[in-house]
Amino acid sequence: MTLDITDLKVTIGGREILRGVDLSLQEGRVHGLAGESGSGKTMTGLAVLGLLPHGARATGRIALGERDLLTLPPRELNKVRGGEVAMVFQDPATSLHPMLSVGRQLTEHMRHHLKLDKREARARAVELLGKVRIPGAEEAYGRFPHQFSGGMRQRIAIAIALACSPRVLIADEPTTALDVTVQAGVLRLLRGLCDELGLAVLLVTHDLGVMSAIADEVSVMKDGLVVETGPRGKVLREPSHAYTRSLLDSLPGETA
Amino acid sequence: MTLEIKDLVVEHRSPGRPVVRAVAGASLTVRPGEVVGLVGESGCGKSTLARAVCGLNPVTEGSITFEGVPVTPLGLRRRTLTGVQMVFQDPYASLNPRRRVGDQIADGLRTARDGETDPADLLERVGLPREFAGRHPHEFSGGQRQRIAIARALAARPRMLIGDEPISALDASAQAQVATLMRDLAVDSGAGLLFISHDLSVVRLIADRIAVMYLGRIVEIGDTAEVWDNPRHPYTQALLRAIPKPDGMGVLPEELTGDVPDPAAPPEGCRFHPRCPFAMDVCRVKEPEPGPVACWLHEPA
C-alpha cells in the first residue's frame, strides 16, 4: 500500500505553486519533505487531502492504491480524508477546537467513518489517548484543549489523526511548536506508531535535525520542485544538489 | 541599571483548583548591555517570570527591583516604570489591528516623552521601509509584525527589554533574524535583554548567559559557551541531548523519561529527582541550594 504522487502541479491565481512534484510513500516508512518556507512543502501535503485553498487548480496524479485522489468525487474523497489519510498540523493550539472536549473531537470522526456507537467510540478514544501517552486518559477524555500543555495537545492531535486507523499520515511541521524534550517524545511516538501500525508518513519539516532523526527517505523542495530525493544518510551526508548542500551549510556548526 | 529578581515566587490562584506555584523561588540578575537567555520546557514558569518582571502578574513572595526600585503590578494608573518594555509572543495578538503601525509606535515615543523622533525612523531601525508607518498590521507577515512590535517596544527607550518567546510564532526562516535583531538593538542602546525561549539553538546564538528553568526554579545558570559545552545539571544535559542532530544517522534524540510533574504538587526534595538518572538519597528529601548549579552532584562540600 503506497501513496504515489506523480507530476503534481498546483496553480493558484495563475501562479504556479507546485511545478511537478513526484513523491512516493511506503508503508512503515517516514518520508521527510524539507525546504524553506514558501517552497511548497505544505501545499503538497494539503493537495493529498484535497484541502487546497479556493481557486487552486491541481493536475497530475495522487494515487492511493487504485484511486486517484485528484479526480475522486467529493463524497468518496470525504471517506478517504480523515479515514484513510489523516493529517497532523503544525500548531495544536489552533488545530484543535477550543470549545469542544478532547473526547468529542476524538470520537466525532470515528463515529462517522467507523460507525461506532457512543460507548465503543469512547473506549477507543481512551485507548488512543493511552497510546499517545497522555497521563490519566480517562480524565483527559472529558477535558478541553486549553487544559493541556503544547506537547500534550500535539499528542491529542496525533491521537485524533490515528483514530480511524489511517494508512497514510501527513504531518506538517508536527514538532515545530514544541519544546525539544517534548519534541523528542513526539518524534519517538511518531516513529513508533509508523513502525507498529505500518503507517506511511509524510513528514513536512524545515528542521534537518528532525529529518535526520526519523525520516527514512528525504526529499528536498525548492520553488515548487523536488530537487533531490534519496535515503536519509545519502541526502544529509553526501548531498548531490547544491541547494541541499547550502541548506546543510547554513546550520550552526556543533563547535562554532 | 540592573534588573534584580530575588527569590521570586508567583502563584496562580483560580477558584476550585489548587494553588499553582508557577515560579517557586527564582533569582536572576540582568545587567545593562547583557543578554540573558531563559530556557526551559513549556509550563516551567518562564513566561510567568517575564510577566511578573513587567508587572503583569502579581508577586506572591520575593522581590523584583529595577534600578533599585521595586516593580509594582500594572494597574489602571499611568505607570512610572517605563524602562522595562516587553515584546510578546504572538505579534498577531499584540498589535492593535485597527490602528496604523506608525501610531502604535508613536505611543511608545510618547511614553518616553520623545517629541522629535519619527515613528518611521524606528521602522528603519528594525529593517522595514519608512512608508510602512501608514499601514495596518494585517498588511504584514508574522516576521514583519514582530519587527513592528520590537520597534514599538524600543520607541519607549527601554533600559531593559523583555522578550517572551518573541520568535516562536514566526516562520523558521525568520526566527534567527528576528532574534539577532533584538539582540543587536538592545545591546546597541545599552539596554539589557531577557530573552525567553524554548529554542536552545537560537538562545545559544544570541545570549551571553543562559539560565535554565525547571518547574519554577532556575537549576543552572552560566556563560552560554560553558553551559552549551559543559552542562552540569542533569536537566540541562537532558535538554541538550534532546536536540536532534542533522548528521543523517537516523538517531532518535534522547527522551527525558517521565513527565513534568504537576506544579501544583511538586515532588519532595529536588524537583528534578523523579526524572533524574543520577538521583541519590539526598535528592529525595532535601532541595539543593540555588546557585550556579542547583544540584546535589555539584554541591560545594
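Residues numbered from 1 in each chain as written. Chains lettered and ligands numbered in written order. Predicted model: local features only at pLDDT ≥ 70, side-chain atom pairs only at ≥ 80, totals over all residues.

1. Some remarks on the overall build of chain A
Link 1 in the chain: Looking only at helices and strands, chain A features eleven helices and ten strands.
Link 2 in the chain: The globule rule puts the C-alpha radius of gyration for 256 residues at 18 Å, and the 18 Å found for chain A is close to it.
Link 3 in the chain: By principal-axis analysis of the C-alpha atoms, chain A measures approximately 55 × 50 × 30 Å.
Link 4 in the chain: The buried share of chain A, reckoned over its 256 residues, is 45%. (Helix = DSSP H or I, 4+ residues; strand = E, 2+ residues; numbered from the N terminus. Rg over C-alpha atoms; globule rule 2.2 N^0.38 Å. Buried ≥ 20, exposed ≤ 12 C-beta atoms within 10 Å, placed from the backbone.)

2. Structural notes on the overall build of chain B
Link 1 in the chain: Looking only at helices and strands, chain B has ten helices and ten strands in total.
Link 2 in the chain: Computed over the C-alpha atoms, the radius of gyration of chain B is 20 Å, within 12% of the 19 Å expected from 2.2 N^0.38 for a compact globule of 301 residues.
Link 3 in the chain: The 301 residues of chain B split such that 49% are buried.
Link 4 in the chain: Sequence-distant contacts, at least 24 apart, represent 65% of the contacts inside chain B between residues at least 6 apart. (Contact = placed C-beta atoms within 7 Å.)

3. What to know about the UniProt feature "domain: ABC transporter" (unreviewed entry) in chain A
Link 1 in the chain: In the UniProt entry, the feature "domain: ABC transporter" (unreviewed entry) is given for residues 3-248 of chain A.
Link 2 in the chain: Helix makes up 41% of residues 3-248 of chain A and strand 26%, with an end-to-end C-alpha separation of 28 Å. (UniProt positions renumbered as here; feature names shortened; annotations may be inferred.)

4. Side note on helix α1 (residues 46-53) of chain B
Within an α-helix, residues lying three or four positions from one another point in the same direction, as the helix has 3.6 residues per turn.
Residues and elements named next belong to chain B.
Link 1 in the chain: Of all eight residues in α1, eight are buried; the element is thus mostly enclosed.
Link 2 in the chain: Buried residues of α1: Lys 46, Ser 47, Thr 48, Leu 49, Ala 50, Arg 51, Ala 52 and Val 53, and no others.
Link 3 in the chain: At the exit of α1 stands Gly 55, carrying a positive phi of roughly 80 degrees.

5. Things to note about the interface of chain B and chain A
Often the size quoted for an interface is simply the accessible area lost on bringing the parts together.
Link 1 in the chain: Contacts between chain B and chain A engage 28 residues on the former and 31 residues on the latter.
Link 2 in the chain: Every element with two or more residues in the side of chain B that touches chain A is listed here: α6 (172-188), α7 (200-206) and α9 (234-241) of chain B.
Link 3 in the chain: A total of three residues in the side of chain B that touches chain A trace back to one element, the largest contributor, which is α7 of chain B.
Link 4 in the chain: Here the residues of the side of chain B that touches chain A are counted per class, giving 14 nonpolar, seven polar and seven charged. (Nonpolar A, V, L, I, M, F, W, Y, C, P; charged D, E, K, R; others polar.)

6. Looking at the packing of helix α3 (residues 101-111) of chain B against helix α5 (residues 142-155) of chain B
Residues and elements named next belong to chain B.
Link 1 in the chain: Interhelical geometry of α3 versus α5 gives an angle of 25 degrees and a closest axis separation of 6 Å. Our classification of the angle between α3 and α5 gives roughly parallel. On α5, the residues that touch Val 101, Gln 104, Ile 105, Gly 108 and Leu 109 of α3 are Ile 148, Ala 151, Arg 152, Ala 153 and Ala 155.
Link 2 in the chain: In terms of residue class, the contact of α3 with α5 is built from seven nonpolar, two polar and one charged. (Axes fitted to C-alpha atoms, helices over the stretch in contact; angles between N-to-C directions. Parallel < 35°, antiparallel > 145°, perpendicular 65-115°, else oblique.)

7. Here we look at helix α4 (residues 102-113) of chain A
All names here are of chain A.
Link 1 in the chain: Taking 1.5 Å per residue, twelve residues should reach 16 Å; α4 reaches 18 Å between its end C-alpha atoms and fits that length.
Link 2 in the chain: In this structure, the buried side of α4 is in contact with α5 (118-131), α6 (137-141) and α7 (150-162).
Link 3 in the chain: Of the residues flanking the end of α4, it is Lys 115, one or two places downstream, whose phi is positive at about 55 degrees. (Expected span 1.5 Å × (residues − 1).)

8. Quick look at the sheet that holds strand β3 (residues 30-34) of chain A
All names here are of chain A.
Link 1 in the chain: Overall, mixed pairing links the six strands, which are arranged β6-β7-β8-β3-β9-β10 in an open sheet. Pairing within the sheet leaves two strands with one partner each, and these edge strands are β6 (85-88) and β10 (225-231). When strand polarity is set aside, the average angle formed by the axes of neighbouring strands in this sheet is 20 degrees.
Link 2 in the chain: Relative to strand β8 (residues 200-204), strand β7 (residues 168-172) runs parallel, the two being bridged by five bridges. Along β8, the bridge assignment pairs Ile 170 with Leu 202.
Link 3 in the chain: Against the sheet, α7 makes contact with β6 and β7, and its axis sits at roughly 170 degrees relative to β6, the strand it touches most. (Pairing = 2+ DSSP bridges.)

9. Details of the environment of Leu 197 of chain A
Link 1 in the chain: Along the chain, Leu 197 of chain A falls in helix α8 (residues 180-197).
Link 2 in the chain: With 16 C-beta atoms counted inside 10 Å, the residue Leu 197 of chain A sits in the partly exposed group.

10. Brief notes about the pairing of strand β10 (residues 217-223) of chain B
Link 1 in the chain: When you tally the buried positions in β10 of chain B, you get five out of seven residues, the bulk of the element.
Link 2 in the chain: Hairpin connection, strand β9 (residues 209-214) of chain B to β10 of chain B: the antiparallel pair is bridged by two residues, and Leu 215 of chain B has positive phi, about 50 degrees.

11. Comments concerning the environment of Asp 91 of chain A
All names here are of chain A.
Link 1 in the chain: Structurally, Asp 91 is set in the loop between β6 and α3 (92-95).
Link 2 in the chain: The class for Asp 91 is partly exposed, based on 18 C-beta atoms found within 10 Å.
Link 3 in the chain: In this structure, the C-alpha to C-alpha distance between Asp 91 and Val 80, residues eleven residues apart in sequence, is 23 Å.

12. Brief notes about unusual backbone geometry
Link 1 in the chain: Notably, Ser 165 of chain A is not glycine yet its phi reads approximately 50 degrees, a positive angle.
Link 2 in the chain: By the secondary structure assignment, Ser 165 of chain A is in the loop between α7 and β7.
Link 3 in the chain: Exposure remark for Ser 165 of chain A: the 14 C-beta atoms within 10 Å place this residue in the partly exposed category.
Link 4 in the chain: Even without glycine at this site, Arg 113 of chain B takes up a positive phi of about 50 degrees.
Link 5 in the chain: By secondary structure assignment, the location of Arg 113 of chain B is in the loop between α3 and α4 (119-125).

13. A closer look at the pairing of β3 of chain A
Residue and element names in this part refer to chain A.
Link 1 in the chain: Of all five residues in β3, five are buried, a share of seventy percent or more.
Link 2 in the chain: Both faces of β3 are covered, namely the face carrying Val 30, Gly 32 and Ala 34 and the face carrying His 31 and Leu 33.
Link 3 in the chain: Both β3 and β8 contribute to a ladder of four bridges, which runs parallel. Each residue of the ladder has a partner; that of Gly 32, found in β8, is Leu 203.
Link 4 in the chain: Note that β3 and strand β9 (residues 217-222) share four bridges and pair parallel. Paired with Leu 33 across the strands is Ser 219, a residue of β9.

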